[in-house]
Amino acid sequence: MTISLAHAAAMNLDSAKKIIGNVSRQLLIAYLAFALCLLATLVAWYVSHQHALDSAREKFNQEVNASRIAINSRMHSYEQILRGGVGLFSASIDVSREEWQRYVTSLRVSEAYPGIQGIGYAPVIAHDDKAVHIASVWREGFDKYEILPPGDRKIYAPVLYREPMTGTNIRALGFNMYSEPNRRKAMELARDTGSAAMTTKVQLVVENAAQSVASVIMYLPVYEHNTAPVTIDSRGAALKGFVFAPFRVNELIDATVGDRLTQAGLDLELFDSVAIDQKTLLYDRDNQPHFTDTTFRPLFSGQQTLEIAGQTWTLALHTLPAFELTIDRTKSSLILGGGALLSFLLFGFLYSVSTQH
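Residues numbered from 1 in each chain as written. Predicted model: local features only at pLDDT ≥ 70, side-chain atom pairs only at ≥ 80, totals over all residues. Heavy atoms only, no water.

K.L.:
Which parts of the structure should I look at to understand helix 4 (residues 130-139)?
P.N.:
Count 3.6 residues to each turn of an α-helix, and residues three or four apart come out pointing the same way. Within helix 4, burial applies to Lys130, His133, Ile134 and Val137. Here the buried residues of helix 4 occupy an arc of 95 degrees about the axis, which is enough to place them on one side. Relative to its buried face, helix 4 has exposed residues pointing more than 90 degrees away, namely Ala131, Val132 and Arg139. The positive-phi residue at the C-terminal boundary of helix 4 is Gly141, with phi of around 110 degrees. (Buried < 20%, exposed > 50% of the residue type's maximum accessible area, 1.4 Å probe, protein only. Helix = DSSP H or I, 4+ residues; strand = E, 2+ residues; numbered from the N terminus. Arc of directions from axis to C-beta.)

K.L.:
It is not clear to me how the nonpolar core should be interpreted in this structure. Could you clarify?
P.N.:
One recurring pattern in soluble globular proteins: nonpolar side chains tend to sit buried together. Trp100, Ile119 and Trp313 are the most contacted members of the largest nonpolar core, which has 59 residues in total. When residues of this core are assigned to their parent elements, the largest contribution, ten residues, is made by helix 1 (residues 2-90). Excluding its chain neighbours within four sequence positions, the residues that come into contact with Ile119 are Ile81, Leu82, Trp100, Val104, Leu107, Val109, Tyr161, Arg162, Glu163, Val243, Phe244 and Ala245. Grouped together as the second largest cluster of nonpolar side chains are 21 residues, Phe175, Tyr178, Val206 and Ala238 included. (Core = buried A, V, L, I, M, F, W, Y, C linked by side-chain atoms within 4.5 Å. Contact = heavy atoms within 4.5 Å.)

K.L.:
Where do I start with the packing of aromatic side chains in this structure?
P.N.:
Aromatic ring pairs: the centre-centre distance and the angle between the two ring planes describe each pair. Applying the stated rule across the entire model yields 14 aromatic pairs. On the numbers, 6.4 Å between centres and 80 degrees between planes, the contact of Phe60 with Phe323 is edge-to-face. Here Phe60 is found in helix 1, whereas its partner Phe323 is found in helix 8 (residues 321-324), with 263 residues between them in sequence. Accessibility assignment for this pair places Phe60 and Phe323 in one class, buried. Measuring from ring centre to ring centre gives 5.9 Å for Tyr121 and Tyr161, while their planes differ by 45 degrees; the resulting arrangement is tilted. Pair noted here: Tyr121 is in strand 1 (residues 119-123) and Tyr161 is in strand 4 (residues 161-163), with a separation of 40 residues, a long-range link. What makes Tyr161 buried here is its relative accessible area of 6%. (Phe/Tyr/Trp six-rings, centres within 6.5 Å; stacked < 30°, edge-to-face > 60°.)

K.L.:
Which parts of the structure should I look at to understand empty space enclosed by the protein?
P.N.:
Over the atoms a probe the size of a water molecule is rolled, and this reveals where empty space is left. Going through the model one piece at a time under the given rule, you end up with one cavity of 30 Å³ or more. Looking at the largest cavity, its volume works out to about 60 Å³. Lining the largest cavity are Val159, Arg162, Ala172, Phe175, Met177, Arg183, Leu204, Val205, Ile217, Phe244 and Pro246. Of the residues belonging to the lining of the largest cavity, the class tally is nine nonpolar, no polar and two charged. (1 Å grid on protein atoms, 1.4 Å probe; cavity = no way out; pocket = protein on both sides within 12 Å on 5 of 7 lines; lining within 4 Å. Points joined across faces, edges and corners; volume = space filled by probe spheres on them. Nonpolar A, V, L, I, M, F, W, Y, C, P; charged D, E, K, R; others polar.)

K.L.:
Just to check I follow, could you spell out the sheet that holds strand 9 (residues 281-284) for this structure?
P.N.:
In spatial order, the strands read 9-8-11-10; together these four strands make up an open sheet with antiparallel pairing. The open sheet has two edge strands with one neighbour each: strand 9 and strand 10 (301-308). Neighbour-to-neighbour, the strand axes of the sheet open up by a mean angle of 20 degrees, direction not taken into account. Summarising the sheet, strand 10 and strand 11 (residues 311-319) pair through eight bridges and their orientation is antiparallel. Looking across to strand 11, one finds that Glu307 is bridged to Thr312. (Pairing = 2+ DSSP bridges. Axes fitted to C-alpha atoms, helices over the stretch in contact; angles between N-to-C directions.)

K.L.:
Looking at this structure, I do not really get the layout of surface pockets. What am I missing?
P.N.:
As a volume, the largest pocket reaches approximately 270 Å³. Together, 15 residues line the largest pocket, and Asp94, Tyr121, Pro123, Leu160 and Tyr161 are the ones closest to its centre. No other element matches helix 4, which puts three residues into the lining of the largest pocket. Grouping the constituent residues of the lining of the largest pocket by class yields nine nonpolar, three polar and three charged.

K.L.:
Got a minute to help me understand the side chain of Glu163 in this structure?
P.N.:
Mapped onto the fold, Glu163 is located in strand 4. The side chain of Glu163 sits in the buried core without any salt bridge; Arg97 is the nearest counter-charge, 5.6 Å away. A distance of 3.0 Å separates a polar side-chain atom of Glu163 from the backbone nitrogen of Met165. Those residues in contact with Glu163, other than ones at most four positions away along the chain, are Trp100, Gln101, Val104, Gly118, Ile119 and Asn169. (Lys, Arg positive; Asp, Glu negative; His and termini not counted. Salt bridge = Lys/Arg side-chain N within 4 Å of Asp/Glu carboxyl O. Polar contact = N/O pair within 3.5 Å; in protein donor to acceptor, adjacent residues only side chain to side chain.)

K.L.:
Would you take a moment to explain the sheet that holds strand 4 for this structure?
P.N.:
Adjacent strands of a sheet pair through backbone hydrogen bonds, lying either parallel or antiparallel. The antiparallel open sheet is built from five strands, whose spatial order is 4-1-7-6-5. A strand with exactly one partner marks an edge of an open sheet, and here the two such strands are strand 4 and strand 5 (197-198). Sheet topology note: the strand 1/strand 4 ladder contains three bridges and is antiparallel. Residue pairing for strand 4: Gly120 is matched across the bridge by Arg162. Against the sheet, helix 5 (residues 181-193) contacts strand 5, strand 6 (215-223) and strand 7 (239-248), and its axis sits at roughly 35 degrees relative to strand 6. The strands touched by helix 7 (residues 249-264) within the sheet are strand 6 and strand 7, with strand 7 carrying the most contacts at an inclination of about 65 degrees.

Shape descriptors only; they carry no functional weight alone.
Structure representation (structure tokens):
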């Protein structure tokens with residue numbers, strides 16, 4: 001009897017061990033299935049998430065390229081209206097103030113060319129011809145005209161025409177642009193190349209320091225009638241003056257890409273050099289200098305350079321929170337949520353099966 005009881009106990013113990021072993025294996029399978037299902041979910045979520053980011057990055061790069069092309073196209077169109085002014089001088093022995101006024105008025109500058117503060121002409125005057133030049137302007141009725149700043153110089157390039165000749169534009173009349181190094185550098189480049197040349201950032205004569213906004217001036221040379229000089233020396237000898245146009249960069253860029261940037265959720269910072277700092281800053285869409293903010297971490301950022309009339313502009317674009325809201329994360333969220341739910345349901349089923357003994 002004692003032997004039978006011992007034998008039964010041994011059998012029960014063996015059965016218990018087998019049951020425990022089966023349960024342990026089933027639990028292990030449940031946990032392993034849960035881990036594999038969850039891992040597959042995370043992999044699928046990551047792939048979907050990266051696809052969404054890649055699509056967003058492609059969209060950002062397209063906006064960067066589109067902004068660059070739009071600004072480049074706008075500046076070339078502005079160059080063309082200056083070429084029209086040069087053509088006016090080429091077709092005439094001389095261009096009167098009235099003729100220049102009619103030309104600029106026909107362009108409807110304020111409507112068609114945002115940012116332009118006027119279109120002007122500055123003759124090149126030798127020192128010995130200064131008095132004759134001033135006297136001729138006085139005869140036109142501008143009896144307070146003088147070349148400024150005062151002082152004797154070898155060459156002058158005073159503003160003679162600037163249309164529209166209203167408001168603050170009148171202040172520019174007589175300003176010798178050769179007297180300011182930044183302007184003179186651009187004018188000399190235009191003279192020597194026969195092509196458009198532009199200044200770096202300047203303060204316009206018609207503005208005081210409190211009113212000043214970032215501006216640039218584009219120049220095209222005017223050579224003596226019926227001449228087409230091809231060498232630097234001959235261009236210098238035939239130089240008659242310059243057609244020019246000052247631009248307020250913020251107005252120009254806002255009109256060109258402002259709405260596009262806002263709709264895309266992007267910020268643009270524009271610099272008149274490859275160097276990025278406050279000194280070279282021409283335009284900042286949101287007026288927050290991200291280039292000096294070490295805490296600013298945009299999702300995407302990019303830079304492109306643009307060659308315009310002898311100057312290199314750097315476009316720095318960054319994504320803003322509004323851009324991130326446009327990224328479609330629905331698919332990756334569904335994958336993550338659905339996969340996690342499926343993983344827990346599978347684990348619950350296998351766990352329930354493993355414990356039903």
